[in-house]
Amino acid sequence: MGYAAEEWAGKPVIAIINTWSDAQPCHAHFKSRVEDVKRGILQAGGFPMELPALSLSESFVKPTTMLYRNMLAMETEELLRSHPADGAVLMGGCDKTTPGLVMGATSAGLPMIYFPAGPMLRGHYKKDVLGSGSDAWKYWDERRAGNITDEQWQGVEAGIARSYGHCMTLGTASTMTAIAEALGLTLPGASSIPAADVNHIRMASAVGRRAVEMVWDRLTPDQILTRAAFDNAVTVAMATGCSTNAVIHLIAMARRAGVDLTLDDLDAASRVTPVIANIRPIGKTYLMEDFYYAGGLRGLMGNLKPKLDLQTMTVSGQRLGETLEGAEVYNDDVIRPLENPVYAEGSLAILRGNLAPDGAVIKPAACTPEMLRHEGPALVFDSYPDMKAVIDSDDLEVTRDTVMILRNVGPIGGPGMPEWGMLPIPRKLLKQGVRDMVRISDARMSGTSYGACILHAAPEAAVGAPLALVQTGDIIRLDVPNRTLDMLVSDEELERRRAAWVAPPPHAGRGYQHMFGQHILQADKGCDFDFLETGFGATAPEPDIY
C-alpha cells in the first residue's frame, strides 16, 4: 500500500464509512468530498481509512431502501468491529443512510461523527420554484388529469434536481440529518449546509479534524445518545414538520442506544411542539436552501431552547446549549418564533383503534383540514398492481368520501414497507378537481409527500391484523383530534372474517429476504431486526488477533 510506519504508527485510525456509488445521486459529491474529510483527519494527526458501504439510493433501489436499512446497519457495525479503526466518520444523507449508519455505529460503540450530504439546490421550471418529490407528485397528477402536456412534464423533470445533494424539501433526508444534529452527532450547523455550497467542503475537513480529537477524548456514542438527547431530537423533528418516516427511524435508533422510545412519546411531544419551520411540504413556499440562509437548524433550535435539554453532550465536546450560543434567525417567516407557528401542534399524530390497534401515523399539517374528521366507505386493494389496474378507470366506483385502503405492503408484506402509502387520487376524481382524500395503508410514504395519508398501520395485514379483515364497503371513521381510527364492524363479524383469513406465502425461501421476513419487527417497534436490538443479547467483543 506504500505507507511508511511514520504515517500511521501511534496515530488514531479513522474509518470513513462512505455511502457513495454511481447509483446514488444524493451522494454524487462524496467521491470527492471524502478527500476533504481525509485532509482534516491528516491535519489533526490521524490516519484515514475509507471503507465503502451500501449507498441506498431512494431513486434506484428496488422495491425500497427500507428493505436494506438494517443491512447497512449490520454492515456499518461489522466494518467498524472487524477493521483496525479507533473512530469513525459516517458519510450519509439520503433517507435510510442516516439511521442505518447511526444504528450500526451505535452498536459498534467507537467514537463516531456524522457528516451529512446536504440538500441540493432549489429546483426551477419557467417561473416556478420546484421542490423535490412534492412537485413531482403535484405535476404528475396534473399530467394524469390532462392539465399539462408531456413536454411540460419533461420540463419539470429537467429542472427539479439541479445539483447533487439530497431532497431540498423537508422530506425524510432533511428530517433525519436534522435529527442527527439534534441528537448531538454532527458539528453545529452541519445538517443545513447545501451540498453545493463551499461551506460544505469546509465542514468536511472540520469533521475529519474533530473525529481524531474524539478518539483522544474517548467520546463514545453512549455518552451522547441518552434519553434526553432523543427527547431533544423528537422535539426538533416535530418543530421542523418532519417526515412520517421519522417515527420508524427514531424508535429504531433509540432502541439501539438502549432508550425505550415509543409511539406515545412521539405523540405527546407533537401535542406540545408547534411546527416553526415554514418549509415545504407543510409550508407553501420555502425550501432547505432558504432554511440555511434563514439561520438553519441552529436558528430553529435557538427558538426551541425553552423546550430542549441544553445539557446533553454533542460530538463537538460541548453541551448542546453551548453550541447554540450566538444562533440567530435571519428570516422569521422561514423559521418562525414559537408564538407564530406554521401549525399549532407538531408534525405528526399517532392514531389507534380497531383498524390499527398498535398504532398508525398521519401528518395533520400536510392534510386538507376537513379530512381530519372523516367517515366514509372503504375501497380495499390487496396489492399495488390491483390498485394500479383500476385507478385511472372512469368506471371506478369512488367518490371524494371514499377511504382508499392498500394492504399487504408492510414490513413483511411489501417486503420492506415501500413508499406506496400516498395512493394516487383516482383519475375520475382528479378531473373533478379533487386533490386529497383519506388513504390508509401498512406502507410508508415519501417524506416529500402530503395529503390525508394514514401510514404504518400496525400490526400489518400480512400477519393477519385487523387491516387484513376490512372489506370494501365497510365504514371507516377517522378522528385525528381524538387520535382514533376505526372500522365500524362488529367484533363478531371480525372474528368470522379472521377465521376465514389465509396467510400469504413468504416472499423468499432463502437469502436476505428470507432472513428479513423471519426477523423484522413491526412499524411501531422501529422495523429493526429483533436480533440487532440492544436488549436481545450481549454484543460481540473486540475480535481476537493471533
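Up top is the structure.
Thresholds, definitions, all that
- Residues numbered from 1 in each chain as written.
- Predicted model: local features only at pLDDT ≥ 70, side-chain atom pairs only at ≥ 80, totals over all residues.
- Heavy atoms only, no water.
- Axes fitted to C-alpha atoms, helices over the stretch in contact; angles between N-to-C directions.
- Helix = DSSP H or I, 4+ residues; strand = E, 2+ residues; numbered from the N terminus.
- Parallel < 35°, antiparallel > 145°, perpendicular 65-115°, else oblique.
- Contact = heavy atoms within 4.5 Å.
- Nonpolar A, V, L, I, M, F, W, Y, C, P; charged D, E, K, R; others polar.
- Salt bridge = Lys/Arg side-chain N within 4 Å of Asp/Glu carboxyl O.
- Buried < 20%, exposed > 50% of the residue type's maximum accessible area, 1.4 Å probe, protein only.
- Pairing = 2+ DSSP bridges.
- Phe/Tyr/Trp six-rings, centres within 6.5 Å; stacked < 30°, edge-to-face > 60°.
- Patch = residues over 30% accessible without salt bridge, like charges linked within 9 Å, V, L, I, M, F, W, Y side chains within 5 Å.
- Areas by Shrake-Rupley, 256 points an atom, 1.4 Å probe, with all protein chains shown as cover.
- Expected span 1.5 Å × (residues − 1).
- Core = buried A, V, L, I, M, F, W, Y, C linked by side-chain atoms within 4.5 Å.

(A) Examining the packing of helix α4 (residues 97-108) against helix α11 (residues 245-256) more closely. Relative to each other, α4 and α11 sit at 10 degrees, their axes nearing to 9 Å. For the element pair α4 / α11, the angle class is roughly parallel. Side by side, α4 and α11 meet where P99, V102, M103, G104, T106 and S107 of the first sit next to H249, A252, M253 and R256 of the second. Here the residues of the contact of α4 with α11 are counted per class, giving 5 nonpolar, 4 polar and 1 charged.

(B) Geometry of the pattern of salt bridges. In total, this model carries 39 salt bridges according to the counting rule given. Two residues, E142 and R435, come together in a salt bridge whose shortest N-O distance is 3.0 Å. Of the two residues, E142 sits in helix α5 (residues 134-144) while R435 sits in the loop between α17 (427-430) and β11 (439-441), which places them 293 residues apart along the sequence. Classification of E142 by relative accessible area gives buried; the value is 18%. As a salt-bridge pair, R483 and E345 come within 3.4 Å of each other at their nearest N and O atoms. Note that R483 is positioned in the loop between β13 (475-479) and β14 (484-487) and E345 in the loop between α15 (320-323) and β7 (349-353), a separation of 138 residues in sequence. Each of the salt bridges in this network shares a partner with another, and the network as a whole consists of E58, D95, K96, E419 and R444.

(C) Fine view of the sheet that holds strand β1 (residues 13-18). Strand order in this open sheet of 4 strands is β2-β1-β3-β4, and the pairing throughout is parallel. The outermost strands of the open sheet, each flanked by one partner alone, are β2 (47-52) and β4 (112-116). Along the sheet, successive strands turn relative to each other by an average axial angle of 20 degrees, direction set aside. Pairing between β1 and strand β3 (residues 87-92): 5 bridges, direction parallel. Bridge assignment links I16 to a residue of β3, and that residue is V89. This element, helix α2 (residues 30-43), spans β1, β2, β3 and β4 of the sheet and lies at about 165 degrees to β1.

(D) Representation of the packing of aromatic side chains within the structure. With the rule as written, the count across this model stands at 10 aromatic pairs. Through successive ring pairs, a cluster of aromatic residues spans Y68, Y512, F516, F529 and F531.

(E) Inspection of a nonpolar patch on the surface at higher detail. A cluster of nonpolar side chains, M1, Y3 and W8, forms an exposed patch at the surface whose accessible area comes to about 450 Å². Here Y3 lies in the segment before α1 (5-8).

(F) View of the environment of L80. By secondary structure assignment, the location of L80 is in helix α3 (residues 69-82). As for L80 and I17, which are separated by 63 residues in sequence, their C-alpha atoms are 8.8 Å apart. Those residues in contact with L80 that sit more than four places away from it in its chain are A15, I17, A88, A105, A108 and L110.

(G) Up close: the side chain of H166. Checked against the element boundaries, H166 lands in the loop between α6 (150-159) and α7 (172-183). Setting aside its immediate chain neighbours within four residues, H166 contacts C26, G93, C94, A117, G118, P119, M120, A173, S174 and T177.

(H) Region of interest: α4. In this model, α4 (12 residues) spans 16 Å end to end at C-alpha, consistent with the 16 Å of a helix rising 1.5 Å per residue. Buried residues dominate α4, accounting for 11 of its 12 residues. Listing the buried residues of α4 in full gives T97, T98, P99, G100, L101, V102, M103, G104, A105, T106 and S107. Two residues or fewer after α4 comes G109, characterised by a positive phi angle close to 85 degrees.

(I) How the structure looks around the nonpolar core. By size, the foremost hydrophobic cluster in this structure holds 116 residues, and its most contacted members are V89 and L300. Among all residues touching V89, those that are not within four sequence positions of it are I14, A15, I16, I17, V37, I113, F115, V207 and A211. Core analysis: the next-biggest nonpolar cluster, separate from the first, contains 30 residues, A378, A461, L485 and V489 among them.

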